[in-house]
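Observations on the model geometry
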Amino acid sequence: MAQAMQQAAHSTHDFPALRGMQGGRACYTIMCPLRLIPRLFHYDDTGLPPEERAQRAINPGRIPEIADYLTQNPDSYILPAITASLDQEAEFVPTGEELVPLVGMLRIPREARLLINDGQHRRAAIERAVTRKRELGHDSIPVLLFIDEGLKRSQQMFADLNRHAIRPSTSLNTYFDKRDAASTLARCIMQEVPCFQELTEVEKSSLPLKSRKLFTLSAIKNASWRFLEKRKRDDASIDDHVECITFWAAACKVMPDWLESLRNPSLPMQLRQGTIHAHGVFLQALAVSCSSLRREAAERDIDWYIGRLTPLMEIDWQRSNPEWEGRCLRDGRISKSHTSVELLACYLKQRLGISLSEDQRQLEDMFSQ
């Protein structure tokens, strides 16, 4: 008997498991050590055409981000469960009398193929992270296992798993993310700058037609990072926070429509429909155009910035102003493209008496022609 059990152990991967039912089919939840994930779980060859695969193709750009997240936060990371399919039956051995159908040992044949239906990027990132930080291999990730019924079923499983998946908005991620320096900066700016404090949407990254907000937290985040001329994974110092808060507070002082929106709840909707300075493209362009101001003077308080930004009060921000067509408007509609941001930044620089860079001068020449 003991010899038979030993042989069975050598021919299977054994995991404590919970057994349940979904859609009339048995499913199993196990905790799998991270070091075993690359060895046990496979994903389809991404070179195959979609009709021959069971999930989306791997996006190589996502893997380093997840791997860095794991290795940089070994004491506080969180990984959601992987969903996978077994290509053959596994033996479930109950461990007790009271919860017979629920708790037991799942014996997976070693020759079985486990195909990932959801979590292939996590699998690839885990493999990379464990190689770089071997102690992570002792941690575990929950895995939900189904019995595979062939490629057709696996493809349907992928579709069902993602049918109701809604990615949280960039603004909401920014509001909750305590690790990202740019998100932390954006929250501080929103809390310290009065017009942002009252007029910023933190749950959506695009404002509904009747919203009483003027800005989104994601737009403030992106614009502030560009103002500081930061790269994606850079950090932000206390001085950076003070600089940004001072700059945006000054900007609010020279934008009467923003200040009036604090007193008139219906004005933001009118501004979004009729002007260009109530949109994220303007925040980014203003940040780009003014980033060089940080190098103009050693001491830059709010009054200094107000003095440099005062010419903004003389600009006609209405969409009907012909200056905007082709820059940040396309047939009267706001354009959020990179080129629109740069062209609007060129215009603002010229009105603020700030020199254009060589690239901006060439872009402005092409626009003028």
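Given the structure is predicted, the values throughout are model-derived calculations rather than measurements.

Here we take up the overall build of the protein. When helices and strands are counted, the protein shows 16 helices and 12 strands. A buried classification covers 45% of the 369 residues belonging to the protein. Sequence separation of at least 24 residues holds for 69% of the intrachain contacts in the protein that already meet a minimum separation of 6. Accessible surface for the protein amounts to roughly 19800 Å². Of this, 50% is attributable to carbon and sulfur atoms.

Our next topic: the packing of aromatic side chains. All chains considered together, the criterion is met by 15 aromatic pairs. Here a set of aromatic residues connected by ring pairs shows up, and it is made of Phe 196, Phe 215, Phe 227, Phe 247, Trp 248, Trp 258, Phe 282, Trp 304, Tyr 305, Trp 317, Trp 324 and Tyr 347. Arg 294 extends its terminal NZ or CZ atom over the ring of Phe 227, reaching a point 5.7 Å from the ring centre.

Here we come to the packing of helix H7 (residues 181-192) against helix H10 (residues 238-253). Look at H7 against H10: their axes get within 10 Å of each other, and the N-to-C directions meet at 45°. Of the possible angle classes, the one that applies to H7 and H10 is oblique. Like other packed secondary-structure pairs, H7 and H10 cross with a definite hand, here right-handed. Taken together, the residues of H10 that come into contact with H7 (itself represented by Thr 184, Leu 185, Cys 188, Ile 189 and Glu 192) are Asp 240, His 241, Cys 244, Ile 245 and Trp 248. Here the residues of the contact of H7 with H10 sort into 6 nonpolar, 2 polar and 2 charged.

Here we come to the packing of helix H3 (residues 62-72) against helix H4 (residues 120-132). It is at 8 Å that the axes of H3 and H4 come closest, and there the two elements cross at 50°. Here H3 lies oblique to H4, going by the angle between them. You can see that H3 and H4 cross each other, and the crossing is right-handed. Of H4, the residues touching H3 (which contributes Arg 62, Ile 63, Pro 64, Ile 66, Ala 67, Asp 68, Leu 70 and Thr 71) are His 121, Arg 122, Ala 124, Ala 125, Ile 126, Arg 128, Ala 129 and Arg 132. When its residues are assigned to classes, the contact of H3 with H4 shows 9 nonpolar, 2 polar and 5 charged.

Of the strand pairs in this sheet, strand S1 (residues 12-22) and strand S6 (residues 103-109) are connected by 7 bridges, and their pairing is antiparallel. Residue pairing across strands places Ala 17 opposite Gly 104, the latter belonging to S6. Here strand S5 (residues 91-94) runs beside S6; their pairing, made up of 4 bridges, is antiparallel. Directly across from Phe 92, in S6, lies its bridge partner Leu 106.

As paired strands, S1 and strand S2 (residues 25-33) are joined by 6 bridges and run antiparallel to one another. Bridge pairing in S2 places Gly 20 opposite Cys 27. Between the end of S1 and the start of S2, which pair antiparallel, lie 2 residues, with Gly 23 showing a positive phi angle near 60°.

What follows concerns the pattern of salt bridges. According to the stated counting rule, one finds 19 salt bridges in the structure shown. Between Glu 65 and Lys 232 there is a salt bridge, with the nearest N and O atoms lying 2.7 Å from each other. Of this pair, Glu 65 sits in helix H3 while Lys 232 sits in the loop between helix H9 (217-227) and H10, and the two are 167 residues apart along the sequence. For Lys 232, a relative accessible area of 60% translates into the label exposed. Between Arg 300 and Glu 243 there is a salt bridge, and its shortest N-O distance comes to 2.7 Å. Highlighted residues: Arg 300 in the loop between helix H13 (280-290) and helix H14 (302-309) and Glu 243 in helix H10, separated in sequence by 57 residues.

Of all hydrophobic cores here, the largest spans 54 residues; its most connected members are Phe 196, Trp 248, Trp 258, Leu 309, Leu 312 and Leu 348. Only H7, helix H8 (194-199), H9, H10, helix H12 (267-274), H13, H14 and helix H15 (338-352) provide two or more residues apiece to this core. Per element, the largest residue contribution to this core is 8 residues, and it comes from H13. Aside from chain neighbours lying at most four places away, what touches Trp 248 is Ile 189, Val 193, Phe 196, Ala 223, Ser 224, Leu 283, Leu 286 and Ala 287. Of all hydrophobic cores here, the second largest spans 38 residues; its members include Leu 36, Ile 63, Tyr 77 and Ile 116.

Below, the discussion takes up H4. The end-to-end C-alpha separation of H4 is 19 Å, in line with the 18 Å expected for 13 residues at 1.5 Å each. Of all the positions in H4, only Gln 120, His 121, Arg 122, Arg 123, Ala 124, Ala 125, Ile 126, Ala 129 and Val 130 are classed as buried.

This part covers the environment of Asp 75. By the element assignment, Asp 75 lies in the loop between H3 and strand S4 (82-86). Under the relative-accessibility criterion, Asp 75 is labelled exposed at 78%. Separated by 61 residues in sequence, Asp 75 and Leu 136 have C-alpha atoms that sit 9.7 Å apart.

Rules and cut-offs
- Residues numbered from 1 in each chain as written.
- Predicted model: local features only at pLDDT ≥ 70, side-chain atom pairs only at ≥ 80, totals over all residues.
- Heavy atoms only, no water.
- Helix = DSSP H or I, 4+ residues; strand = E, 2+ residues; numbered from the N terminus.
- Buried < 20%, exposed > 50% of the residue type's maximum accessible area, 1.4 Å probe, protein only.
- Contact = heavy atoms within 4.5 Å.
- Areas by Shrake-Rupley, 256 points an atom, 1.4 Å probe, with all protein chains shown as cover.
- Phe/Tyr/Trp six-rings, centres within 6.5 Å; stacked < 30°, edge-to-face > 60°.
- Lys NZ or Arg CZ within 6 Å of the ring centre and 35° of its normal.
- Axes fitted to C-alpha atoms, helices over the stretch in contact; angles between N-to-C directions.
- Parallel < 35°, antiparallel > 145°, perpendicular 65-115°, else oblique.
- Left-handed = near helix turned anticlockwise from the far one by under 90°.
- Nonpolar A, V, L, I, M, F, W, Y, C, P; charged D, E, K, R; others polar.
- Pairing = 2+ DSSP bridges.
- Salt bridge = Lys/Arg side-chain N within 4 Å of Asp/Glu carboxyl O.
- Core = buried A, V, L, I, M, F, W, Y, C linked by side-chain atoms within 4.5 Å.
- Expected span 1.5 Å × (residues − 1).

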